[in-house]
Structure formats: structure tokens, C-alpha cells
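Next come the chains, spelled out residue by residue.
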Amino acid sequence: MVQSSSAVCGKTCELRCIACDHAADAPGQNFRCPACGDLLEIVYPGWKTDQGLRPSGLNAASLKALWRTRRKSLAPIDQSGVWRFRELLPPFPDQQKIITLREGDTPLYEMPSCARIAGVQHLLAKHQGMNPTGSFKDTGMTLAASVAHREEFRWVGCASTGNTSASMAAYAARGKMHSLVLIPEGKVSWGKLSQALDYGAVTCQLKTDFDGCLRVLNEVVQRAPVYLLNSVNPYRIEGQKTAAIELLEQLDWQVPDHIIVPGGNLGNSSAIGKALLEIKELGFIAVLPKISIIQAEGANALVRTVRETGGKKLIAVQAETAASAIRIGSPASWKKAVRVLQETGGTVEQVSEMEIALAKAEIGAEGIGCEPASAVTLAGLKKLVKAGFVKSGESVVLMLTGHLLKDPDYTLKFHRGELFAAGTNEARTLAGKQRAPIVLEASVDAVIATLKHAEQT
Ligand code: F0G
């Protein structure tokens, strides 16, 4: 089965191959270029006018005003922090087919303590974990699931380290579609797995890793009418762009010097970069922030690809990290991410398991919290400041991608001192940050004694 891109894009946008520029009018089920097999992306040829104006005549100033006005609207698609920016997304005339959970509109927090720790004066965190299913995946899912709904698919499917599956299952349920989830057995947190189950997905735990799940799914969608909802689906990327647009809106269009993003399958960094390049092209902003991508040391395919091949050839790795969301060895969107690094002047960095755990505790102590994969951003920032890539006076935004409650097991292990073996350097370094629960008799004296002890430490 093939789907027609013109059905979704109309005349305004096209699906194009990122490698050979082939226009894919009817992409196959796996969203690969029919000519060369590389990834597709959505482009908007009509935007490239001399004046930077869109065909409708709307310019940056009037769109900025329109988007602000929509914040007061009661219409579900205006209340969505994705569809509110629909002028920069593929047209979707049949609004009845839109599946929205009021995603987006996530908070931007000041992070003064983390700023001090990292050595910068001004640090913000955009918390994408505050989306309806607790991760940034919802912003892309609302768009791509709506496309599936509109094209009358009965089944949608994804391979996942957990968050994509939770998000997909929710949107599928809202759109009365069935969902098929392939996850690596034993490597997905209970929080995420339980979401997929509750939202009614057919959930298969495969005896392989994420990369293996994705390989299987790619075959499944060729043989069964299942709509692929991984981030190789270019509509996912379009929806995820809105996080960057919304961020700039929250900053009153003042461009930060740096945006720091965790890297797994590399759809998110690609989407954020695409958004910024597009809004610069359209005249919303005059300069680009540097987008830097941080990976766990044990899942550092992009870092190695950039450092060892200059971004020319993917170096896949056997991924291992307790930040299970980014336990990915062969990232699908690596070429898109390399392009973002090159076009924005960003860089890559890798961080250890200890650095991730420490950064996560520091984000938690700020009253914000996040899941481990998100904490690589702060851990990476510390290293980028030390290396002189980020200057202390520059403004930095961390993209936090998942909610603290996505992986409570990790947090409990951290505070109980079970994340690293006793006596190791890691365990000693982290001990001061641990707040294990204290078991007491039900006695007022015992509680007051504990309070006094806590005050002194
Ligand atoms: N942070 C979180 C919380 C994630 O769930 C993911 C990816 C990433 C960062 C990395 O984003 O893949 O776009 O580079 N999770 C996927 C999933 C792969 O299946 O939930 P990416």
C-alpha cells in the first residue's frame, strides 16, 4: 500500500528525499525514498519567495500576532500548542480528522541553581515532559496520527524505547485506531510500558534492542497495512518542530545563544533544527541558535560519527545506558542531525552514566525533575562550558524531553544508592545527593529528631 503525499500536502508542500532530492509523490509504507532508500522530509517550495512571504500574504509579524490571539480561543486545535502554529505545518483542511490531546504549550523554566552549577549566567529549560503523555513525542504524534486517521488506516505501529509507544497508543485510542507496539524486552521503564497497555496497544516485547525492533517493524509495515509512526515518518518531525517555534514565542522571539537537546534516534534534534532554519528563512528571527546534541557515552553513535568521520558515515554502536529512552545504537535520522549541527554551528558531546545521574538529581533539586535521558542536556552543558564552547555570559535552553515519573525506578535506585555498586567512585560522588526514604516508628519524637538531624546536614 502507498499513500499519496499530495493528499496531505496539497500544493503547499512536498515530500523530498534528503539525499537525492527525489520528489516522493507516493511514499511507501516505510517512508523511504523510492529512488535511493534514504529518509524523506517535508519541504515547502512556496515559502522561498524573495520577500520571505508566504503565498497567502501572511508575514512573520502577522503570524506572530495571530498565534498569540489563538491562545485565547476555545477551539481544540487552537488550544493545541502544535496546531496553533498550523501555518508552518502541512495543510490539514479536514479538521474533523485531527486527533489532539491539547499537546504542546509546555512551560519554560528558569534554572538558577543548575545555571550556577554549570557555570552560565542564564539557563532555561523547556519541559517537553509536560505534554499529555509525559514526553515530547506528543507534538509529533498529533500530526502523524491525524494523517493516519485521515488516510483511514485501521492500524498504526511503532518500535520504541517507551515514550513513542505511550504517545502513539494514546493518540491511536483517541482516533479509534488499533496500535501495535514493538519494544525491547526488559529495557523499557514500567511507567511507559503501563501507559501503552492502558491505552490499549497490542504490545510486543521483542527479544532484541530498539534497533532490532525498528528493523522488524520496517518489514511488518511492508507486509501488513500498518501505518508507521516512528520518527522516520516525516509528519512526526513536522509536529515536533513546534516545540522550537513555541520556545521562540515564549522568548518574545529573542534568540538564545544555545539550545541543547538529547540525542537518541535523532528525530527531535532534526525537528528543532528544521523549525529554526524555516523560521529564519521566513523572517521570524534574524540569527540561529547553536543546536548541540548530547548522547550517553554508551549510546554515542552520533558523537562517534561526527568525531571520527566528520559526519559522513554512520558509526553504529551496541547501545547500553540506564537512560533507556536513548538506548539506541543506529539512529535513523543521523544525516538530518548532522545537517542541523552544520547549519547551526552546534556540536556533539557524550556524558557518562554518573554525569547523567548527577545532572538528573540537580534538575530534580530545582523542583523541576525529568527522566534520565533529558538530564544528559545539563550534563553535556557542563562539559561544553568547560571546553569553552558555551561562554558563561551566553543564554542557554535545555530541552527536557520526558517527565520525572516516566522512570521512577531509576530515581528510587538513585536515592537508595543502588544505581552504582557500593564503594565505587560513582557511588561516593553521588552519596551527598541521595535522599533515601526514612522508615520510622509512628512517633512525634522520632519525626522531630529526624527534622533536627536534617537541619544540621
Ligand atoms: N528523550 C526522551 C525522553 C526520549 O524518549 C527520546 C527518544 C529521546 C530523548 C531522544 O529523542 O530519538 O528524537 O533523538 N525516545 C524514542 C522512543 C526513541 O521510542 O520513545 P530522538
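Provided above is the structure to which this section pertains.
Bear in mind that the values here come from a model prediction, so they are computed numbers and not experimental data.

**Points about the nonpolar core**
Then, number 1: Of all hydrophobic cores here, the largest spans 82 residues; its most connected members are Tyr 227, Tyr 235, Leu 276 and Ile 279.
Then, number 2: Beyond its immediate chain neighbours, meaning those up to four positions away, Leu 276 contacts Ala 244, Leu 248, Ile 259, Ile 285, Leu 288, Pro 289 and Ile 291.
Then, number 3: Residues Ala 125, Ala 357, Ala 361 and Ile 363 belong to the second largest nonpolar core, which totals 40 residues.

**A closer look at the packing of aromatic side chains**
Then, number 1: Applying the stated rule across the entire model yields 9 aromatic pairs.
Then, number 2: Judged by centre distance (4.9 Å) and plane angle (80°), the rings of Trp 67 and Phe 85 are edge-to-face. Of the two residues, Trp 67 is situated in helix α2 (residues 60–70) and Phe 85 in the loop between α3 (76–79) and β3 (108–110); the sequence distance between them amounts to 18 residues. As far as burial versus exposure is concerned, Trp 67 and Phe 85 are alike and both buried.
Then, number 3: A network of ring pairs unites the aromatic residues Phe 31, Phe 153, Tyr 227 and Tyr 235 as a single cluster.
Then, number 4: Here the guanidinium or amino end of Arg 150 rests over the ring plane of Phe 92, the centre of that ring lying 5.2 Å away.

**Some thoughts on the sheet that holds β3**
Then, number 1: One open sheet holds the 6 strands; their spatial order is β3-β4-β12-β9-β10-β11, and the pairing between them is mixed. Since the sheet does not close on itself, it has two edges, and those belong to β3 and β11 (348–351), each with one partner. The average undirected angle you get between the axes of adjacent strands in this sheet is 25°.
Then, number 2: As defined by bridge partners, strand β9 (residues 258–262) adjoins strand β12 (residues 395–400) across 3 bridges and the pair is classed as parallel. Within β12, the residue paired with His 258 across the bridge is Val 396.
Then, number 3: In the packing of helix α12 (residues 334–344) onto the sheet, the strands contacted are β10 (290–296) and β11, and the crossing angle to β10 comes to about 140°.
Then, number 4: This element, helix α13 (residues 353–365), spans β10, β11 and β12 of the sheet and lies at about 90° to β11.

**A closer look at the site of the ligand**
Then, number 1: Residues in contact with the ligand amount to 20 residues; listed here are only the nearest, Ser 160, Thr 164, Asn 265, Leu 266 and Thr 401.
Then, number 2: Side-chain polar atom of Ser 160 to an oxygen atom of the ligand: 2.7 Å apart, as the coordinates give it.
Then, number 3: For the ligand, an oxygen atom lies 2.7 Å from a polar atom in the backbone of Asn 265.
Then, number 4: Protein burial of the ligand: of its 480 Å² of free accessible surface, 99% is covered by the chains.
Then, number 5: A breakdown of the residues in the shell around the ligand according to their chemical character gives 6 nonpolar, 12 polar and 2 charged.

Thresholds, definitions, all that
Residues numbered from 1 in each chain as written. Predicted model: local features only at pLDDT ≥ 70, side-chain atom pairs only at ≥ 80, totals over all residues. Heavy atoms only, no water. Core = buried A, V, L, I, M, F, W, Y, C linked by side-chain atoms within 4.5 Å. Buried < 20%, exposed > 50% of the residue type's maximum accessible area, 1.4 Å probe, protein only. Contact = heavy atoms within 4.5 Å. Phe/Tyr/Trp six-rings, centres within 6.5 Å; stacked < 30°, edge-to-face > 60°. Helix = DSSP H or I, 4+ residues; strand = E, 2+ residues; numbered from the N terminus. Lys NZ or Arg CZ within 6 Å of the ring centre and 35° of its normal. Pairing = 2+ DSSP bridges. Axes fitted to C-alpha atoms, helices over the stretch in contact; angles between N-to-C directions. Near = heavy atom within 4 Å. Polar contact = N/O pair within 3.5 Å; in protein donor to acceptor, adjacent residues only side chain to side chain. Areas by Shrake-Rupley, 256 points an atom, 1.4 Å probe, with all protein chains shown as cover. Nonpolar A, V, L, I, M, F, W, Y, C, P; charged D, E, K, R; others polar.

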